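Each chain, written out:
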There are 2 protein chains.
Amino acid sequence: MSLARDKANSRISSLKSLLCVGLDSDPDKIPAPFSGYENPVFEFNRTVIRATSDVAAAYKINTAFYEARGVPGLQDMEKTLGVIPEAIMTIADAKRADIGNTSRKYAQAFFDHWSFDAVTVAPYMGFDSLEPFFAYEDKLVFVLCLTSNEGSADFEEQLMLDGTPLYRSVLGKVSSWSRSENGGVVVGATKSSQLGEIRRQAPGLFFLMPGVGAQGGSLDEAVDLGVDTDRQSALINVSRALIYPEAPASGSFLSIDDYERAVAEEAKKIHDAMRRVL
Amino acid sequence: MSLARDKANSRISSLKSLLCVGLDSDPDKIPAPFSGYENPVFEFNRTVIRATSDVAAAYKINTAFYEARGVPGLQDMEKTLGVIPEAIMTIADAKRADIGNTSRKYAQAFFDHWSFDAVTVAPYMGFDSLEPFFAYEDKLVFVLCLTSNEGSADFEEQLMLDGTPLYRSVLGKVSSWSRSENGGVVVGATKSSQLGEIRRQAPGLFFLMPGVGAQGGSLDEAVDLGVDTDRQSALINVSRALIYPEAPASGSFLSIDDYERAVAEEAKKIHDAMRRVL
């Protein structure tokens, strides 16, 4: 039994929230009131977490945004992990995978060293590149399936000889490769026409659905189509639309409190929409 | 014109060497004489670089082995980059890729922040996930094509509706997506039966071929089949078989000098084999 799955599902059930808050924290987009701090990105993250922790089912850290600044960026990631409440699932959105001995090191990095509850991985290299992640039975492993971007048409939706698209082939294999209910897939919320069918083909997998907000996916459809029969085992990620809310009419946030209120309000709106559908 | 490509090719031509030294430096495998140092991994890397820099055409840093230890690991990676001679190409074996705004951050990390000459990326998410890397016209971008591991059978070698395997579809698209000669592919040296055909289909791409040594690929075939018509634009990566040479009959290396000599000898053997075929 995957402890990470239980942790996420118990929070999803009790809050009636599938909200995954995406910490794609970009120094160039952080509001002015944070600029006085020694670590603006960490202060920004701490504020987002404070503003959303009553309705968040998970926090997703997009590793690219931290790696882009090298060691100081990774130090901010480490400090951020330290202020996420224990009851809330943490996801490393890392999209890693390599040959077995190397994937083992990535799994060590995200699960042992950083203690994330879950990680996203890429399927291209096949079973032995994912097995080292699935070996952590108490964690959750989200394999890229049908992603939210335009480029999903290039390979993911290409048809195989058996007439099914590549992403369906990935979906089938992930179902058979995952252990002890620790398997999941990434399916873009922008793909609402395929979402229901994907969920029916993989009733036992955990779904991570990015693409709501800046990328244009429908929140209602993602909530309705992405959950399992118990109305759980699914997370809907919102990043930019939540952590960079519209500034007030004056043009910019005057204080951290102003910004925190705007994020809390946006999170509440998303939560309300989720509760309506759930 | 890709400066990184020129840098690699001018060294390949002058040394008659395709050797890419893979710094998959694992604290658990580092010989005893390094254990007295404050940063055993960095001292180990520095020694490998000293022992091989006269015959190496490139150094490849496998990011997983550094990330596994968190911030101290990344600090070792940074220090290692600082002691690689300027004339020798550096490759971040990172296998990243994500939606466009996130891939841009990964490209910033590896090209701007760490100043690598090249990076490996994963194709699953399609064009817009790779374009931010190709936008760096002076760098080299190696896209996973047909990898050296067993799992390559799971998706890469699956047949598409047009009767060609997925990896050939990736190969064709990479050729059209790369800019200013900055495109490359990763093709496992274990795949000698497909290597010649892949090279003929993509005469203009740079080839990175892992899998010689511990993974069982043939050095001679990789040298002979992987180069372009000018007998260059190809690198053969050797990691474990080179950086963990067999210990002397006594059972272990007694000093760093002992270890350095063993690595230099192994590198010379590989270089000699390459010169014979080139």
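Since the model is a prediction, treat every value here as computed from it, not as a measurement.

A.B. asks: I keep staring at the overall build of chain A and nothing clicks. Help me out?
C.D. replies: Assigned secondary structure in chain A consists of 11 helices and eight strands. For 278 residues, the compact-globule estimate of 2.2 N^0.38 gives 19 Å, and the C-alpha radius of gyration of chain A, at 18 Å, lies within 12% of that figure. The principal-axis extents of the C-alpha atoms in chain A amount to approximately 60 × 40 × 35 Å. Across chain A, the fraction of contacts at a sequence separation of at least 24, relative to all contacts at a separation of at least 6, is 72%.

A.B. asks: Would you take a moment to explain the relation of the copies chain A and chain B for this structure?
C.D. replies: Overlaying chain A with chain B gives an RMSD of 0.0 Å, the required rotation being 180° about an axis along which the chain moves by 0.0 Å. In short, the pair behaves as if placed about a two-fold rotation axis. Mapped onto chain B, 100% of the interface residues of chain A again fall at the interface, so both copies present the same surface.

A.B. asks: What exactly am I supposed to notice about the nonpolar core here?
C.D. replies: The nonpolar side chains of a soluble globular protein tend to be buried, and buried together. One finds Leu19(A), Ile236(A), Leu19(B) and Ile236(B) to be the most contacted residues of the largest nonpolar core, which totals 190 residues. Excluding anything up to four places from it in sequence, Ile236(B) contacts Leu18(B), Leu19(B), Cys20(B), Ala189(B), Met209(B), Val212(B), Leu219(B), Ala222(B) and Val223(B).

A.B. asks: Sorry, what's going on with unusual backbone geometry here?
C.D. replies: Glycine aside, a negative phi is what most residues show, and trans is what most peptide bonds show. Of note in the backbone geometry, Lys16(A) takes a positive phi value of approximately 50° without being a glycine. Residue Ser233(B) is not a glycine yet carries a positive backbone phi of 55°. Summarising the element assignment, Ser233(B) is placed in the loop between helix 9 (219–226) and strand 8 (234–238). Taking the number of C-beta atoms within 10 Å as the measure of exposure, Ser233(B) has 23 and is therefore buried.

A.B. asks: For this particular structure, what's the right way to read the pairing of strand 1 (residues 19–23) of chain B?
C.D. replies: In regular strands, side chains alternate between the two faces of the sheet. Residue and element names in this part refer to chain B. With five of its five residues buried, strand 1 lies for the most part within the structure. Of the two faces of strand 1, both are covered, the one formed by Leu19, Val21 and Leu23 as well as the one formed by Cys20 and Gly22. Bridging between strand 1 and strand 2 (residues 58–62) involves four bridges; their strand directions are parallel. When the bridges of strand 2 are listed, Gly22 appears paired with Lys60.

A.B. asks: Would you mind going over the pairing of strand 2 of chain B with me for this structure?
C.D. replies: All names here are of chain B. When you tally the buried positions in strand 2, you get five out of five residues, the bulk of the element. Handedness of the β-α-β unit built from strand 1, helix 2 (residues 40–52) and strand 2 comes out right-handed. As paired elements, strand 2 and strand 3 (residues 89–96) share five bridges and run parallel to each other. Each bridged residue has a counterpart across the sheet, and for Ala58 the counterpart in strand 3 is Met89.

A.B. asks: Please explain the interface of chain A and chain B as it appears in this structure.
C.D. replies: A common way to report how large an interface is uses the accessible area buried once the components associate. Contact with chain A, which involves 51 residues of that partner, is made by 51 residues of chain B. Mapped onto the side of chain A that touches chain B, the elements with two or more residues apiece are helix 3 (63–67), helix 4 (71–82), strand 3 (89–96), helix 5 (100–113), helix 6 (127–134) and helix 7 (166–177) of chain A. Residue classes in the side of chain A that touches chain B are distributed as 23 nonpolar, 16 polar and 12 charged.

A.B. asks: Explain the sheet that holds strand 4 (residues 118–121) of chain B to me, please; I cannot follow it from the model alone.
C.D. replies: Residues and elements named next belong to chain B. Pairing within the closed barrel is parallel, and its eight strands lie in the order 1-2-3-4-5-6-7-8. Sheet twist, expressed as the average angle between the axes of neighbouring strands with direction ignored, equals 30°. Here helix 9 sits on the sheet in contact with strand 7 (206–209) and strand 8, set at roughly 160° to strand 8.

A.B. asks: Help me out: how do you make sense of the environment of Thr229(B) in this one?
C.D. replies: Of note, Thr229(B) is situated in the loop between helix 9 and strand 8. Sequence separation between Thr229(B) and Ala264(B) is 35 residues, and the spatial gap between their C-alpha atoms is 30 Å.

A.B. asks: Just to check I follow, could you spell out the confidence of the model for chain A for this structure?
C.D. replies: Reading predicted coordinates in detail is not appropriate for stretches of low pLDDT. In the predicted model, chain A carries a mean pLDDT of 95, and 100% of its residues have values of at least 70. Both scores are given for the predicted complex: the pTM is 0.97, the ipTM 0.97.

A.B. asks: Please explain helix 6 of chain A as it appears in this structure.
C.D. replies: An α-helix turns once every 3.6 residues. As a result, residues three or four positions apart point the same way. All names here are of chain A. In terms of burial, helix 6 is a largely internal element, seven of the eight residues being buried. For helix 6, the full list of buried residues reads Phe127, Asp128, Ser129, Leu130, Pro132, Phe133 and Phe134. Contacts made by the buried residues of helix 6 are with helix 5, strand 4 (118–121), strand 5 (140–146), helix 7 and strand 6 (183–187).

A.B. asks: Quick question: what am I supposed to make of the packing of helix 5 of chain A against helix 6 of chain A here?
C.D. replies: For any two helices packed against each other, one specifies the inter-axial angle together with the distance between the axes. Residue and element names in this part refer to chain A. The geometry of helix 5 relative to helix 6 is characterised by a closest axis approach of 8 Å and an angle of 30° between their N-to-C directions. Taken together, the axes of helix 5 and helix 6 are roughly parallel relative to one another. Note that helix 5 runs across helix 6; the crossing there is right-handed. Taken together, the residues of helix 6 that come into contact with helix 5 (itself represented by Gly100, Ser103, Arg104 and Ala107) are Asp128, Ser129, Glu131, Pro132 and Phe133. Counted by class, the contact of helix 5 with helix 6 contains three nonpolar, three polar and three charged residues.

A.B. asks: What am I meant to see in the packing of helix 2 (residues 40–52) of chain A against helix 11 (residues 256–277) of chain A here?
C.D. replies: Residue and element names in this part refer to chain A. Where helix 2 contacts helix 11, the axes come no closer than 8 Å and their chain directions differ by 45°. Here helix 11 runs oblique to helix 2, going by the angle between their axes. Read as a crossing pair, helix 2 and helix 11 show a hand that is right-handed. In this structure, helix 2 uses Thr47, Val48, Arg50, Ala51 and Thr52 to contact helix 11, whose residues at the interface are Ile256, Tyr259, Glu260, Val263, Ala264 and Ala267. Partitioned by chemical class, the residues of the contact of helix 2 with helix 11 number seven nonpolar, two polar and two charged.

A.B. asks: Which parts of the structure should I look at to understand the sheet that holds strand 8 (residues 234–238) of chain A?
C.D. replies: Backbone-to-backbone hydrogen bonds join strands into a sheet, with any given pair of strands oriented parallel or antiparallel. All names here are of chain A. As summarised here, the arrangement of the eight strands in space is 1-2-3-4-5-6-7-8, forming a closed barrel in which the pairing is parallel. Across the sheet, the mean angle from the axis of one strand to that of its neighbour is 30°, orientation sign disregarded. Where strand 3 meets strand 4, three bridges bridge the pair, whose relative direction is parallel. Residue pairing in the sheet places Ile91 in a bridge with Ala118 of strand 4. Where helix 7 meets the sheet, it contacts strand 5 and strand 6, and its direction lies at approximately 160° from that of strand 5.

Rules behind the numbers
- Residues numbered from 1 in each chain as written.
- Chains lettered and ligands numbered in written order.
- Predicted model: local features only at pLDDT ≥ 70, side-chain atom pairs only at ≥ 80, totals over all residues.
- Helix = DSSP H or I, 4+ residues; strand = E, 2+ residues; numbered from the N terminus.
- Rg over C-alpha atoms; globule rule 2.2 N^0.38 Å.
- Contact = placed C-beta atoms within 7 Å.
- Least-squares fit on C-alpha atoms with pLDDT ≥ 70 in both.
- Core = buried A, V, L, I, M, F, W, Y, C linked by C-beta atoms within 7 Å.
- Buried ≥ 20, exposed ≤ 12 C-beta atoms within 10 Å, placed from the backbone.
- Pairing = 2+ DSSP bridges.
- Right-handed = clockwise from strand over helix to strand, strands pointing away.
- Nonpolar A, V, L, I, M, F, W, Y, C, P; charged D, E, K, R; others polar.
- Axes fitted to C-alpha atoms, helices over the stretch in contact; angles between N-to-C directions.
- pLDDT = per-residue confidence, 0-100.
- Parallel < 35°, antiparallel > 145°, perpendicular 65-115°, else oblique.
- Left-handed = near helix turned anticlockwise from the far one by under 90°.

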